[in-house]
Each structure stands twice: as structure tokens, then as C-alpha cells.
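A look at the structure
For reference, the chains in residue letters:
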Amino acid sequence: MEKQDVRTLTIAIAITSVGLLLNAIVVLPNIWRLRSLPPSSVLIVFLCCSDSILLGNYLTLATTNLKRGNSDYTNTACNVPGFMITFGALMSMGFCGGLTLFRYLIIVRKKTITFNFALVYLAASAGVYSVVASLPILLQADYPIYILHPTHYNCTVAWFNTDTPTRVISLICGTALLIPMSSMGFAYYRIYQEVSRVFSAYRDASALTNESDAGKLHASGLVERDPERVVDIKPAGVRAGHEAIGLVKAMEKRAAPAGSFTGGESSIVDEEAQVKETVQMSQIVTFKRRRRTEEEEKQIGLLIQSVAIVGLFVTGWTPYLILATYELISGTRGDIQFEFTAEMFLAMQDVLNPVVVLIFDEKVRRNVMFWRRNARHTP
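It should be emphasised that the depicted structure is a prediction, and the values quoted were computed from it without experimental measurement. For every chain, the first residue of the written sequence is number 1, and numbering continues from 1 along that sequence. Totals for whole chains, interfaces and linings use all residues, but because this is a predicted model, local features are given only for residues with pLDDT of at least 70 and pairs of side-chain atoms are given and counted only at 80 or more. Hydrogens and water are ignored here; the side-chain numbers use all heavy atoms of the structure.

This next bit is on the overall build of the protein. What the protein contains, in helices and strands, is nine helices and two strands. Reading the helices (α) and strands (β) of the protein from amino to carboxyl end gives α-α-α-α-β-β-α-α-α-α-α. For accessible areas, the Shrake-Rupley method is used with a probe of radius 1.4 Å. Any residue's cover is judged against the shown protein chains and nothing else. As presented, the protein carries roughly 20,400 Å² of accessible surface, and 62% of it is formed by carbon and sulfur atoms. Starting at the N terminus, helices and strands are each numbered in turn, a helix being any DSSP run of H or I of at least four residues and a strand any DSSP run of E of at least two.

Note on disulfides: each one is a pair of cysteine sulfur atoms within 2.5 Å. All chains considered together, the criterion is met by one disulfide. The disulfide partner of Cys 78 is Cys 155, and the gap between their sulfur atoms is 1.9 Å. Across the S-S bond of Cys 78 and Cys 155 the torsion is about -45°, and the bridge reads as left-handed. Pair noted here: Cys 78 is in the loop between helix H2 (39-68) and helix H3 (79-108) and Cys 155 is in strand E2 (residues 155-157), with a separation of 77 residues, a long-range link. Take Cys 155: its relative accessible area is 0%, and that puts it in the buried class. Of all cysteine sulfurs in the structure, the one in Cys 48 sits closest to Cys 49, which takes part in no disulfide; the separation is 7.2 Å. Three exposure classes are used, based on accessible area relative to the maximum for each residue type with a 1.4 Å probe and protein chains only: buried under 20%, partly exposed in between, and exposed over 50%.

One speaks of a salt bridge when a side-chain nitrogen belonging to Lys or Arg is within 4 Å of a carboxyl oxygen belonging to Asp or Glu. By the definition in use, this model includes two salt bridges. Across the pair Glu 194 and Lys 110 runs a salt bridge, and its minimum N-O distance is 2.6 Å. Within this pair, whereas Glu 194 is found in helix H5 (residues 164-220), its partner Lys 110 is found in the loop between H3 and helix H4 (115-139), the two being separated by 84 residues in sequence. Judged by its relative accessible area of 9%, Glu 194 is buried. One salt bridge in this structure joins Glu 362 and Arg 366, with 2.9 Å as the shortest N-O distance.

All right, on to the packing of helix H1 (residues 3-30) against H2 then. Two measures define how a pair of helices packs: the angle their axes make with one another and the distance between the axes. At a closest axis distance of 8 Å, the pairing of H1 and H2 adopts a crossing angle of 150°. Classed by the angle they form, the pair H1 and H2 counts as roughly antiparallel. The two elements H1 and H2 meet at a crossing, and its hand is left-handed. In the scheme used here, Gly and all other residues not listed as nonpolar or charged are polar, with Ala, Val, Leu, Ile, Met, Phe, Trp, Tyr, Cys and Pro taken as nonpolar and Asp, Glu, Lys and Arg as charged. When its residues are assigned to classes, the contact of H1 with H2 shows 15 nonpolar, 10 polar and one charged. Interaxial angles span 0 to 180 degrees and are taken between N-to-C directions of axes, which are lines fitted to C-alpha atoms, for helices over the stretch in contact. Note on terminology: angles under 35 degrees are roughly parallel, angles over 145 are roughly antiparallel, angles of 65 to 115 are roughly perpendicular, and the others are oblique. If you view the pair so one helix is near and one far, a crossing is left-handed when the near helix is turned anticlockwise from the far one by less than a right angle, and right-handed when it is turned clockwise.

In summary, the pairing rule links any two rings of Phe, Tyr or Trp, Trp by its six-membered ring, whose centres are within 6.5 Å, and it sorts them by plane angle into stacked for under 30 degrees, edge-to-face for over 60 and tilted for everything else. Tallied over the entire structure, the rule returns six aromatic pairs. Ring geometry for Phe 102 against Phe 117: centres 5.6 Å apart, planes inclined by 45°, an arrangement best described as tilted. Highlighted residues: Phe 102 in helix H3 and Phe 117 in helix H4, separated in sequence by 15 residues. By relative accessible area, Phe 117 is classed as partly exposed at 35%. Ring centres 5.8 Å apart and planes at 65° place the aromatic pair Phe 102 and Tyr 121 in the edge-to-face group. Residue Phe 102 is found in helix H3, and its partner Tyr 121 is found in helix H4; the two are separated by 19 residues along the sequence. Phe 102 gets classed as buried once you look at its relative accessible area, which sits at 0%.

Further remarks concern H4. With 25 residues, H4 should reach 36 Å at 1.5 Å per residue; the first-to-last C-alpha distance of 37 Å fits that figure. To get the bend at a given residue, fit one axis to the seven residues ending there, fit another to the seven starting there, and take the angle between those axes. The largest bend in H4 comes to about 30°, at Ala 133, with the proline Pro 136 one to four residues further on. The set of residues buried in H4 consists of Phe 115, Ala 118, Tyr 121, Leu 122, Ser 125, Tyr 129, Val 132, Ala 133 and Pro 136. Under the convention used throughout, the expected extent of a helix is 1.5 Å for every residue step, that is, one less than its residue count.

Another point: helix H8 (residues 336-360). For H8, with 25 residues, the first-to-last C-alpha span of 36 Å sits near the 36 Å given by 1.5 Å per residue. Taking the backbone nitrogen of Gln 337 as reference, a side-chain oxygen 3.1 Å away marks Asp 335 as the first, capping residue of H8. Under the rule applied, a polar contact is a pair of N or O atoms within 3.5 Å (in protein, one hydrogen donor and one hydrogen acceptor; residues adjacent in sequence only if both atoms are side-chain atoms).

The next subject is the environment of Ile 137. Among the structural elements, Ile 137 can be located in helix H4. Contact definition: two residues touch when any of their heavy atoms are within 4.5 Å. Residues within four places of Ile 137 in sequence aside, it is in contact with Asn 79, Phe 83 and Tyr 146.

So, about a nonpolar patch on the surface. In this analysis, a patch consists of residues with relative accessible area above 30% that form no salt bridge, clustered at 9 Å for like charges and at 5 Å for the nonpolar side chains Val, Leu, Ile, Met, Phe, Trp and Tyr. There is a patch of nonpolar side chains on the surface, built from Met 348, Leu 352, Val 355 and Ile 359 and spanning about 300 Å² of accessible area. Among the secondary structure elements, Leu 352 is positioned in helix H8.

Contact geometry for H1 and H8: axes closest at 8 Å, N-to-C directions at 20°. Our classification of the angle between H1 and H8 gives roughly parallel. Of the two elements, H1 crosses H8, and the hand of that crossing is left-handed. Facing Gln 4, Thr 8, Ile 11, Ala 12, Ile 15, Val 18, Gly 19, Leu 22, Asn 23, Ile 25 and Val 26 of H1, the residues of H8 in contact are Gln 337, Phe 340, Met 344, Ala 347, Met 348, Asp 350, Val 351, Pro 354, Val 355, Val 357 and Leu 358.

By themselves these figures say nothing about function.
Now the structure itself:
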């Protein structure tokens, strides 16, 4: 085995090992707590599972070939790893498409996605893609369709073969890739429109609330003419309320003529009731604003997570799609350096997916932290 092959396999082993570790951090704590996750997060956990299948087979082939010092295989030796790699890759495509579908149904179509619906989608995807991944084994004749590619760690379809079975399988796999990629653009455009409309409505409602709040405070005498200078009434604590009452009194004394002020107990009671009402109103308004802010942040976080995962999917698969398309049309092998780059893009996508999930998915991250705390306290 040449030095370049050894270097290629060493890089592949390092990247796939890191990817398997990161995906395991997401999968292991959450696979037992799927019921606690929303459907989209359930799909993401299984996305990490499918990524692990692909990375695990990459790692197995790279380690085996590096240890043996050669990559001589019999005709059928690539059938099992080829099936697993193709199945894992197709499942990753299907789950990324499903994640986009779930976001589209929830945000744009206002549909409720249930846990059972997510399980049905997972089962249907696994069934369809297992059949597609089995076709190269079922249709092979005198020579295999799954072959070990020149990088020595990827068993997949020989895209450059010109026989009819290989062409048919290549078109099926290409369709399985192009359908989700082409539909994602439309789906996220509609999601962007809907989220923009909702946020605009939130801003309009916030502006109306601010104007209404300011008008009530002006009417109660607790704010000066300058809307930027509102008297700060602390909603928690009796002392703050009494300070506000004293401030109201001082303002009325300055504003009223000397003989027009009557300082009876009834006016104090009215002022106390007025201050309490204003404090309660401020608490309600603050709570509503906080809820709106939390909802906006939640929606932005979910949208960013989806866009990041789908963006990684498109970025990771584009070089390999170009390579496979070139080999399919020309009937010749692509450049080995470009093939290595394309396969590393795929591997890096699978490495970065769990990082994106841990950053943006709060419930998945919470299960990971819970599992970590339990592991620390277990004797």
C-alpha cells in the first residue's frame, strides 16, 4: 500500500472516530427517552443513528484495509458494507427531508405532528430505503455492483458501469437524493415567509401594548410628558409602592395651587389603589412581553437548527453528487483526489450534525446532561 493510501486511511479513521463519538453522545442518552422529545427531535436522534451507520462502515473498512496493507476483495466482499453504507446514506437523506417536512407542516400548514406519526415516517423510510439498498445485491450478475472505491474505505455503487442494472440503480439513488434537495428550497422559502409574518405581528402587538401602557400611566399621573422618562415602579415589594405614592403626592403638590389640595385619607386610599392597579398592569405587560420574547427565541432556534442541518446536508452531498453524475454520464472513474474530498465532505457532515443538535435542541441537550449527571453519581 502506498504512502498516500496510508495517509488517506489515517485521516478517514480519525474523522470517523470523532464523528462516531459525537453521534453517540446524542443517541445514547436520548434513544431511551424518545417519548420526552418532540417529533422533530425524535427524527434528529435517528438521523444521528443513520450517520453512525455510515461512519461505522467507513471506519471498519479503513481500519481493516490499513491493518491488512492491501484492499484485495472478492466480488461479493463489498455487498454487506455496501448495503450498510448506502442504507445509512439514504436514511440520512430521508430524515433531513423529513425534518424539513415536519417544520413545513408545523409552521406553514399549522398541522400537529404526533409521536406516532414520527414513528410511522421512520418505519416507512427504513422499509423503502432498505429495499433500494438491496437492489445492487439482487440485480448483480457476473460482476458486482457494489465495489470498493479507490479511497479504500467506501463500498458503494460503481457509478461508472454502463450496464442496465447499474444505470437503473443509479437513477433510483439519484432520484432519492434530488427529490428532498429540490423540495427543501421551496419548503424553507414558505417557512421563511410564515416566520417573518408571525414576527411582524409580534412587533406590531408589542408596539400597541407599549402605546396602551404609556397612555394608562400618563392618565394615572405616574409619568412625565417625555415618554422616555417613565417613573420606575418596582412591581415586587410594598416599599416600592409607597415610594411611588410619595412621588405622586409630590408631583400633585407641585402641579396644583396651594388651596386646591385636600389631603384626606380617602385620597391616599385612592392613590394606593391606583398604584396597585398600575403595578399589576405592569406585571401583566412584562409577563406577556417575556412570553413573546421566549416564543420568538424558540422559533428562531428551531428554524436555525433546521436550516443548519439541511445546509450541512446540501453542502456535504453536493461534491459527491457531482462526482457520481460525472461517472454516470462519462462512464469513467472520477479523479481519486476529488473522490476523497467528496467522501470527506460526507463524513464531515455526519460529524457536525450532532454538534448542531447539541447547540440548538434544548430537550436533546437536557437529556444528555441528565444522563451525564446520573453517570457521575452511579457508583
